[in-house]
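Geometric and topological summary
The primary structure of each chain is shown beneath.
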Amino acid sequence: MTDADRCYFERRAEQEIAMAAATQDPSACARHYELANLYLSLISETPVSTAA
């Protein structure tokens, strides 16, 4: 994973968390948190590549 990938996944996780906080629909909130967790798991499970 490149630094750009890591930044993208972090940004997407943050966006999903913000959308979860903004919605009043419990189902949509849960889906946003699920997506955020998926993005965060991609970051934590993949080593950073030095190749650009």
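A brief look at the structure comes next. (Residues numbered from 1 in each chain as written. Predicted model: local features only at pLDDT ≥ 70, side-chain atom pairs only at ≥ 80, totals over all residues. Heavy atoms only, no water.)

With that out of the way, let us pick up the overall build of the protein chain. Helices and strands together make up the secondary structure of the protein chain, namely 2 helices and 0 strands. Burial analysis of the protein chain (52 residues in total) assigns 21% to the buried set. Residue pairs in contact within the protein chain that sit at least 24 positions apart in sequence constitute 58% of those at least 6 positions apart. Summed over all atoms, the accessible surface of the protein chain reaches about 3,700 Å², with 58% contributed by carbon and sulfur. (Helix = DSSP H or I, 4+ residues; strand = E, 2+ residues; numbered from the N terminus. Buried < 20%, exposed > 50% of the residue type's maximum accessible area, 1.4 Å probe, protein only. Contact = heavy atoms within 4.5 Å. Areas by Shrake-Rupley, 256 points an atom, 1.4 Å probe, with all protein chains shown as cover.)

Residue placement: C29 occurs in helix α2 (residues 26-45). Linking C29 and I17, residues 12 residues apart in sequence, is a C-alpha distance of 8.6 Å. Not counting chain neighbours up to four residues away, the residues in contact with C29 comprise A20 and T23.

Here we come to α2. The terminal C-alpha atoms of α2, which comprises 20 residues, lie 28 Å apart, in line with the 28 Å expected from a rise of 1.5 Å per residue. Against the buried residues of α2 lie α1 (3-22). (Expected span 1.5 Å × (residues − 1).)

Such coordinate-based values are descriptive only and should not be taken to indicate function.
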